[in-house]
Every structure is written in structure tokens, then in C-alpha cells.
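# Examination of the molecular architecture
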Amino acid sequence: MGKTADLTVVQKSTIDTLHKEGKTQKVIAKESGCSQSSVSKHINREAKGRTGCGRKKCTSNRDNRTLERIVIQNPFKTMGEIHKEWTAAGVSASRTTTHRRMQDMGFSCRIPCVKPLLNKRQRQKLLAWAKDKKDRTVAELSKVMFSDESKFCISFGNQGPRVWRKRGEAQNPRCLRSSVKFPQSVMVWGAMSSAGVGPLCFLRSKVNAAVYQEVLEHFMLPAADELYGDADFIFQQDLAPAHSAKATSTWFKDHGIPVLDWPANSPDLNPIENLWGIVKRKMQFVRPNNSEELKATIRATWALITPEQCHRLIDSMPRRIAAVIQAKGAPINIECCTCSYFSCSYLSVGQHF
């Protein structure tokens, strides 16, 4: 054993300990089970502060800071664009070196999370709502029936541009890609509570107040009877025009159903978003040939949702509210506690998220 690099961690530790005790290199070599030259090289290396060997890096710390600044300013640039801008700043480095330096800094190329674009007023309202609901217990939230629509598409388009970011920066505003709230798609309405899920409704036309009231009459009320029986419950819905219409509000009053106040553009707060995510993940390898096959697959997958999954999602509501407060009203993303995937209501069937 004649090379310092061949020494094991235990041998290096033994050499360091005996050297501090003042032992001779001959004694140290015998105790550590290596040659005296290896002991000498290791001691000299530690004394000079050398932790590794090899060619000196072609970029300085200043060059590396310039690269990091370029990536942070626009994390959606391609590797070629980043390398071109870095070399234009006077740095002599290959594209491979550029990639290696970015990896050393902790950057990885990932698909950006999609978030609704919130203005300042919406963020303030979202924060105020979270502070008002922060003391709600899981038992109180179990009385809420959460509802929402989601799209399921047959097409399998690309997932958009990637973003350069470091670990833990998935929700950083500069790393997010804004989304359109109502993309053209086939919509499905569903509801859930801590006791399980209700029947699905496939929306065949544009949802206005009249259509939405029919959904409530023929799908929400039966779901409430199935999930709550004669017990009281609170209905949750977002602020879509059909949901917040005066005619819809009158319908709820006539039926004596209280509606939970809900902030605008806040899909991440709704646990049913995670439920849609579970369904889409289970369907990611399904290739339906037409809308009827797609509907059949959605129904079959929806039927596999268990009350335990729903209960765990309801149980995550206090954490979602706390995350909104911590983010000061910015868009959040709560990891699905039942499938370890993030919620996203904007994905087509077959797209992994």
C-alpha cells in the first residue's frame, strides 16, 4: 500500500490520532497497517492543507459567482444560452465545464411547477383568509365537503420549458411558470369529504349558473346524503362565475346549505386537487382512444379512492393554512400525503407530475 489515496478512512483516522500523540512514523505505519511512506505522504498532505489532487480549476470563484448570477437572473435559459452569456463575460470555459459548475452550485434542470398568477390584492385576501382559519381543527374541517372541477385530456403534449433551480427552490416565485385557470378541456366535477368521495359529473357544456345548479341538484345533494346522512355539513367551492352567481347563492339559501368562504385563485388549498392528482397518476399509462373510454377509466379510478385517503387529505388542511401564512399569501404547494406526488389540476392524462 504505497499511495495516500489508497488509505482507508479508518487508517487515515488512526494516522492522525497517533501523529497528534507524538508517535514516530515507523510506529504509526505498524499500527495502521500501511507503509511508512504512505504515513509520511498523508501527514505532509494534511500539514499543507491539501484535500485533493488533480488539475487546478480553470475558473475562479469570481467566475463562478458570475455564472450563478446569470442563472438566477433568468433560470429558464437553456444550457447553450447560459454558456454563451458566461463566455461573453470573459470566462474561458467549455460547455461541459459550465454544466459541471452549475451542478457544483446545486442547480438541476427540472420541470417548473405551474401556479396561478396572483396579484397583490389577491395575496392579501388569501393571507387574511388563512389567518382567520388557522384555529380550525381537523374535526371542524371534517364537516366540509370539498368540490372542484378538473380536466382530463386525451392528448399528450409536452410539459413545457424546464427551469434551473437549486434544491428547495421548487416554490420560489422566479422558478414558477404561470398557468391559465380555465384551459379548453373536458371538465369533470367531483366532491369529497373525510368519509370518502361522491359521484362524478361529466360536464358536457359550458358551466353557467343554471348548469351548475343542476349539478348541485343531481350530484351534490345525493353525495351529501351518502357521505353525511342527516348530519350538518358545509359546502366548499371556488369563486368561479357560475359558483358565485346570485342565482347559485339563492339556491344554497333555499336549500339551507352553508357555503364556506373561499379565497380566489387558491387551488393548492383544496385537498380535492390532490385527489385529482392521485387519479391522474394512476391513469398516466392509460391511452384512451375516445372520450367514452376516457370517462370509463376516470370512473373506475375514482371508485378506487378510499375514505382513508380522503381523511388524510382533510387532515393536511391545517398544514396548508400554515403554509399560506408562512408564504405571506404566495402560491403554495402541499405534497400529497397519500401518494407522495404534488397536486396539479392542469395536467393531461398520461403526463407525469
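Below is a short write-up of the structure.

Calculation notes
- Residues numbered from 1 in each chain as written.
- Predicted model: local features only at pLDDT ≥ 70, side-chain atom pairs only at ≥ 80, totals over all residues.
- Heavy atoms only, no water.
- Helix = DSSP H or I, 4+ residues; strand = E, 2+ residues; numbered from the N terminus.
- Contact = heavy atoms within 4.5 Å.
- Areas by Shrake-Rupley, 256 points an atom, 1.4 Å probe, with all protein chains shown as cover.
- Salt bridge = Lys/Arg side-chain N within 4 Å of Asp/Glu carboxyl O.
- Buried < 20%, exposed > 50% of the residue type's maximum accessible area, 1.4 Å probe, protein only.
- Arc of directions from axis to C-beta.
- Axes fitted to C-alpha atoms, helices over the stretch in contact; angles between N-to-C directions.
- Parallel < 35°, antiparallel > 145°, perpendicular 65-115°, else oblique.
- Nonpolar A, V, L, I, M, F, W, Y, C, P; charged D, E, K, R; others polar.
- Pairing = 2+ DSSP bridges.
- Phe/Tyr/Trp six-rings, centres within 6.5 Å; stacked < 30°, edge-to-face > 60°.
- Lys NZ or Arg CZ within 6 Å of the ring centre and 35° of its normal.
- Core = buried A, V, L, I, M, F, W, Y, C linked by side-chain atoms within 4.5 Å.
- Polar contact = N/O pair within 3.5 Å; in protein donor to acceptor, adjacent residues only side chain to side chain.

### Section: the overall build of the protein
From N to C terminus, the protein includes 15 helices and nine strands. Across the protein, contacts joining residues at least 24 apart in sequence account for 76% of those joining residues at least 6 apart. Summing over all exposed atoms, the protein offers an accessible surface of approximately 19,500 Å²; the carbon and sulfur share of this is 51%.

### Remarks on the pattern of salt bridges
Between side chains of opposite charge, a pair can form when the charged atoms approach closely. Using the criterion set out here, one finds five salt bridges in the structure. The salt bridge involving Glu85 is made with Lys77; its shortest N-O contact spans 2.1 Å. Classification of Glu85 as partly exposed rests on a relative accessible area of 30%. The buried category is assigned to Lys77, whose relative accessible area is 18%. The residue Glu169 makes a salt bridge to Arg174 at a minimum N-O spacing of 3.0 Å. Since its relative accessible area comes to 17%, Glu169 is described here as buried. Among the residues examined, Arg174 registers a relative accessible area of 22% and is labelled partly exposed.

### Observations regarding helix H11 (residues 246-255)
Looking at H11, one finds that the buried residues are Thr248, Trp251 and Phe252. Around the axis of H11, the buried residues are gathered within 95 degrees of arc, so they sit on the same side. What points out from H11, more than 90 degrees from its buried face, is the exposed set Lys246, Lys253 and Asp254. On its buried face, H11 is in contact with helix H9 (209-228), strand E9 (234-235) and helix H10 (241-244). Note on H11: the residue one or two positions beyond its end, Gly256, has a positive phi of about 65 degrees.

### Topic: the packing of helix H5 (residues 79-88) against helix H6 (residues 95-104)
Across the interface, H5 lies against H6 with an axial gap of 10 Å and an inter-helix angle of 100 degrees. The orientation of H5 relative to H6 falls into the category roughly perpendicular. Residue-level contacts link Met79, Gly80, Ile82, His83 and Trp86 of H5 to Arg95, Thr98, His99, Arg101 and Met102 of H6. Looking at the contact of H5 with H6 residue by residue, the class counts come to four nonpolar, four polar and two charged.

### Overview of the pairing of strand E6 (residues 187-193)
Burial analysis of E6 places six of its seven residues in the buried class, the great majority of the element. Here six bridges tie strand E3 (residues 144-151) to E6, and the two strands are oriented antiparallel to one another. In the sheet register, Lys151 faces E6, and the bridge partner there is Met187. The pairing of E6 with strand E8 (residues 201-203) spans three bridges and is antiparallel. Bridged to Val188 within E8 is Phe202. Across two bridges, E6 lies against strand E7 (residues 196-197) in antiparallel orientation. Looking at E7, one finds that Met192 is bridged to Val197. The hairpin turn running from E6 into E7, its antiparallel successor, is two residues long.

### Thoughts on the packing of aromatic side chains
All chains considered together, the criterion is met by seven aromatic pairs. An angle of 75 degrees between the planes, with centres 5.9 Å apart, marks the rings of Phe152 and Trp276 as edge-to-face. A residue pair is termed long-range when its members are at least 10 positions apart, and Phe152 in the loop between E3 and strand E4 (163-165) and Trp276 in helix H12 (residues 272-282) qualify at 124 residues. In this pair, the class of Phe152 matches that of Trp276, namely buried. Plain terms: the ring middles of Trp251 and Phe252 are 5.3 Å apart, the flat faces sit at 90 degrees to each other, and that makes the pair edge-to-face. One aromatic cluster is present, formed by Trp129, Phe146 and Trp262 through successive ring pairs. Between Lys280 and the ring centre of Phe152, over which it is positioned, the NZ or CZ distance is 4.9 Å.

### Focus on the nonpolar core
Nonpolar side chains in soluble globular proteins tend to end up buried together. The biggest cluster of nonpolar side chains holds 32 residues, and the ones touching the most others in it are Phe152, Met192, Leu275, Ile298 and Trp302. Of all the secondary structure elements, the ones that give two or more residues to this core are helix H7 (120-133), E3, E6, H12, helix H13 (291-302), helix H14 (307-315) and helix H15 (317-326). For this core, the element with the most residues is H12, which contributes five residues.

### Regarding the environment of Val27
Tracing the chain through its elements places Val27 in helix H2 (residues 25-32). Sequence spacing of Val27 and Ile15 is twelve residues, and the spatial spacing of their C-alpha atoms is 9.9 Å.

### A look at the side chain of Ser194
Mapped onto the secondary structure, Ser194 falls in the loop between E6 and E7. Sequence-distant contacts of Ser194, that is, excluding residues within four places in its chain, are made with Ser142, Pro307, Cys310, His311 and Ile314.

### Description of the side chain of Asn270
With respect to the helices and strands, Asn270 occurs in the loop between H11 and H12. For Asn270, a relative accessible area of 3% translates into the label buried. A distance of 3.1 Å separates a polar atom in the side chain of Asn270 from the backbone oxygen of Ser147. When neighbours within four sequence positions are excluded, Asn270 is seen to be in contact with Phe146, Ser147, Asp148, Gln236, Trp262 and Arg320.

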